[in-house]
Amino acid sequence: MKVLKFGGTSVANAQNIKLVLEIVNQKSKTDKLVVVVSALSKVTDLLQLAAAKAAASDESFRDIVAEIEKKHLDTLKELIPVSEQSSLLSHVKRIINHLETLLDGCFLLGELSPRTADTILSFGELLSSFIIAQAYQQIDKNAVYKDSRELIKTNNNFGKAVVNFEASNNLIQEYFAQNQAQINILPGFIAQTLDGITTTLGRGGSDYTAAIVAGALEAEQLEIWTDVNGMFTANPKIVKQARPIADISYQEAMELSHFGAKVLYPPTIQPVLRKNIPILIKNTFEPEAEGTLISNHVSSKDTVVKGISHIDNISLVTLEGPGMIGVSGSSKRLFEVLSQEKINVIFITQASSEHSICIGILNSDADNAEAAINRAFEIEILQNKIDPCIVEKDLCIIALVGENMKNHQGLSGRMFSTLGKNNVNIRAIAQGASERNISTVINERDVKKALNTLHENFFEENTKQLNLFVMGVGNVGEKFIEQIHNQRKFLKDNLKINVRVIALSNSRKMLFDEDGISLKDWKSALDKGEPVNAAEFILRAKEMNLRNSIFVDITANASVSELYEQFLKQSIAVVTCNKIACSSAYDNYKKLKSLSRQYNAPFLFETNVGAGLPIIDTVKNLIASGDKVHKIQAVLSGSLNFIFNNFDKNNSFHDVVKEAGVQGFTEPDPKIDLSGIDVARKILILIRESGYEMDIDAIANESFLPADCLATTNNEDFFASLIKHAAHFEGIYNEALAKDSRLKYVAQFENGKASVGLQFIPKDHPFYNLEGKDNIVLFYTDRYVDQPLLIKGAGAGAAVTASGIFADVIRIGNI
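Residues numbered from 1 in each chain as written. Predicted model: local features only at pLDDT ≥ 70, side-chain atom pairs only at ≥ 80, totals over all residues. Heavy atoms only, no water.

Notes on the pairing of strand E18 (residues 464-471)
Side-chain direction in a regular strand flips from residue to residue, so the side chains alternate between the two faces of the sheet.
1) Next: Burial analysis of E18 places eight of its eight residues in the buried class, the great majority of the element.
2) Next: Neither face of E18 is left uncovered, since the one carrying Lys-464, Leu-466, Leu-468 and Val-470 and the one carrying Gln-465, Asn-467, Phe-469 and Met-471 both have all their residues buried.
3) Next: By the bridge criterion, eight bridges tie E18 to strand E19 (residues 497-505) in an arrangement that is parallel. Paired with Phe-469 across the strands is Ala-503, a residue of E19.
4) Next: After leaving E18, the chain enters helix H16 (residues 475-495) and then returns to the sheet as E19, a path that is right-handed.
5) Next: The pairing of E18 with strand E22 (residues 549-553) spans five bridges and is classified as parallel. Residue pairing for E22: Phe-469 is matched across the bridge by Phe-551. (Buried < 20%, exposed > 50% of the residue type's maximum accessible area, 1.4 Å probe, protein only. Helix = DSSP H or I, 4+ residues; strand = E, 2+ residues; numbered from the N terminus. Pairing = 2+ DSSP bridges. Right-handed = clockwise from strand over helix to strand, strands pointing away.)

Here it is as structure tokens:
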């Protein structure tokens, strides 16, 4: 014999019930069946709401009763031929009339007792089981309906009655010994006291009904049919990569169901565990799927951690004080108080010093618990031996579960390290001696990030998901997105990094997609986005609270650089090619670096100097290894190098600057490059990264531009001024020819002083043969004295700058 239980979604409507009937019909060809059914989807909630409204003297409970009646009558009409409907419709209406009479009583009295509440809630299963039994009898007239209340006996703890297994097992065994029907259909969830009063087994109790029957009959197997393909490694609604667990032990299943795996009601396992009856969880809507088998067998080849589960709406209650140390009975008193108030304790941890004890309970019980505990310890509180209990609400418990965890070292450290790297603060920790479960309490707002991060670490071959929030999609930004699109598969397959673009923004529009923006048509999607708003951009990133979030600034905008602090404080990493922040006031630069360390959020800006060249990274490695930089000489502007390499008697200065802009070598405002401020910012950043304190006004900037050019306020006027002063630029060129030199815009640092300016470079200098848009940097250090450390390569251009930004993103992925 097999026992099959079908949940509320499986019997939500006539269409779904037809699927159930087909499954039952197929299985009945080979096995005798007991079929346990839940109420139609959402009906129990409606009954609860109707009862609450009636007790509050709210007439609208009648509308809810009408809705319940319509739902069941419509379902019956669709399942039963018209010729046989009349008597069945009358029976359903009689049940509904009984329900309405009970609710009228609550309405008149203005109260709802636990006993009456159980009776009202029982109507959901009574109605659904009657309709499903009648529908199956259209297929097989020998199918039998049996009221579970006649078989399962409990105490009178209404709402969550305790089963009298001795009486129940006898009644179940006697009934099935006399009843030889191939199929018996029973309502789940409901039971009865020995004197005939209706009780319920707790929300989700239909699973329990099925398990009680299976245990009493020593069934071959208990099957729980639901709307998912078994128990998952995590909640698939929160963790998209979660996958079904093929097989799991009873103990693991109990741990996961206790900690929120909602496909199974926690008490379900006990009646079948004693008889070693396997439980198979299957999907009504995908019956061919393998499902999850729960048994005593644990495969040694399985992953160490079987699943990650969680419970929302948790409050931590802490009782502490010197008066608890060495005083026996404090814990006993605490738990007695909670027991008397019927408050379920979900989580317990105690300091070894006995100075404090911390418990986790539901938010809904927190206020009651606080008041009761303070009353119980009133004398100790008045004597300052114990502090008034502390309540922290809106928390969540996350649990790692696995039978084999006890045989592996370092799992706790791996769990805590993974959460810590994503700035998920752990409020409390508990682990049983069996080491089958490691539980932590965290802030409820971090639950999605925590579950995804842990799942990624324990179940996804260490694939790390990076979530990018990109601001600026001009020349460089477009190349950056193109590179991500082209390299996504390579990164996932080879580096185990999954890069997703969650947000894009230009100067007009912004676009968000928590599941990742499609990079095939991102431009058209962004055009249809919402108006840009920096404050809203930050707020969305904060609210999404995604793991491994990275803000990528691909602008040259000062206001954008002012956002870094807010992102870092949210533990969102910052990658930027925007030089303004790192060349701003020294205190601000240090503050950003400090925030990066404090909030464990990387702050990377390799492309601030040399585009994609590894200049800043090299300086960091020199300093980290104990070297000291004494002198820097550099050509740091790829755009200026391009301009002076191409400016000659055949190409005017104005035309070459224009071409540099077309090729993406200059900033949107070319005056930033030509004024020398861009180079000054770059050398300043190198000086600071070398360990020196300096601000930009300390750098001598010897501009080659006439004052008239520097005074312009827009690009049109600037280019006009270049034409106007063409003779000035030709004079500089001719002087270089006369000196047999080449023009290079050089940045220098030595003896605590720095300068930037145009220089005439002779043939024997390393800078002389610097071609195109290349950059070159010479570092003179303690180790590189006679021959400097030289870095040379392309220092401008959208593609190389984008690749530098991309490299910083990958660095974060490899941390």
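Comments concerning the sheet that holds strand E15 (residues 390-401)
1) Next: Taken in spatial order, the six strands line up as E13-E14-E12-E15-E17-E16 in an open sheet, and their pairing is antiparallel. Unpaired on one side and paired on the other, strand E13 (347-350) and strand E16 (426-431) mark the two borders of the sheet. Strand-to-strand, the axes of this sheet are offset by a mean angle of 30 degrees, without reference to chain direction.
2) Next: Alignment of strand E12 (residues 307-320) against strand E14 (residues 356-362), held across seven bridges, turns out to be antiparallel. From the neighbouring strand, Ser-315 faces E14, where its bridge partner is Ile-361.
3) Next: Its contacts with the sheet put helix H11 (residues 330-340) on E12, E13 and E14, and the angle it makes with E14 is roughly 15 degrees.
4) Next: Contacting E15, E16 and strand E17 (437-443), helix H14 (residues 411-421) crosses the sheet at an angle of about 20 degrees to E17. (Axes fitted to C-alpha atoms, helices over the stretch in contact; angles between N-to-C directions. Contact = heavy atoms within 4.5 Å.)

Structural notes on unusual backbone geometry
1) Next: Look at Ser-57: it is not a glycine, yet its phi comes out positive at around 55 degrees.
2) Next: With respect to the helices and strands, the residue Ser-57 is situated in the loop between helix H2 (43-55) and helix H3 (61-79).
3) Next: Even without being glycine, Glu-218 reaches a positive phi, approximately 45 degrees.
4) Next: Secondary-structure assignment places Glu-218 in the loop between helix H8 (205-217) and strand E8 (221-226).

Things to note about the packing of aromatic side chains
Both the distance between ring centres and the angle between the ring planes are used here to describe each pair of aromatic rings.
1) Next: Within this structure, the stated rule accounts for 24 aromatic pairs.
2) Next: Centre to centre, the rings of Phe-512 and Phe-537 are 5.3 Å apart; their planes meet at 55 degrees, and the pair counts as tilted. You can see Phe-512 sitting in strand E20 (residues 509-512) and its partner Phe-537 sitting in helix H18 (residues 534-544), a full 25 residues away along the chain. Accessibility classification places Phe-512 together with Phe-537 in one group, the buried group.
3) Next: Centre to centre, the rings of Phe-653 and Phe-729 are 4.1 Å apart; their planes meet at 15 degrees, and the pair counts as stacked. Of this pair, Phe-653 sits in helix H24 (residues 653-662) while Phe-729 sits in helix H29 (residues 726-738), and the two are 76 residues apart along the sequence. (Phe/Tyr/Trp six-rings, centres within 6.5 Å; stacked < 30°, edge-to-face > 60°.)

Some thoughts on the nonpolar core
One recurring pattern in soluble globular proteins is that nonpolar side chains are buried together.
1) Next: Counting residues in each nonpolar core, the largest one holds 80 residues, and the members touching the most others are Phe-469, Phe-551, Phe-653, Leu-686, Phe-704 and Phe-779.
2) Next: Of the residues forming this core, the biggest block, seven residues, is contributed by helix H26 (residues 677-689).
3) Next: Here Phe-779 is in contact with Ile-615, Val-619, Val-629, Lys-631, Ile-632, Leu-686, Tyr-784, Pro-788, Leu-789 and Ile-791, once residues within four sequence places are set aside.
4) Next: Counting residues in each nonpolar core, the second largest holds 54 residues, with Val-20, Leu-76, Val-92 and Phe-189 among its members. (Core = buried A, V, L, I, M, F, W, Y, C linked by side-chain atoms within 4.5 Å.)

Quick notes on helix H15 (residues 447-459)
1) Next: The end-to-end C-alpha separation of H15 is 17 Å, in line with the 18 Å expected for 13 residues at 1.5 Å each.
2) Next: In terms of burial, H15 is largely enclosed, as 12 of its 13 residues are buried.
3) Next: Every buried residue belonging to H15 is among Val-447, Lys-449, Ala-450, Leu-451, Asn-452, Thr-453, Leu-454, His-455, Glu-456, Asn-457, Phe-458 and Phe-459, and all of these are buried.
4) Next: Summarising the contacts, the buried residues of H15 are in contact with E12, E15, H14, E17 and E18.
5) Next: Following H15 by one or two positions, Glu-461 adopts a phi angle in the positive range, close to 50 degrees. (Expected span 1.5 Å × (residues − 1).)

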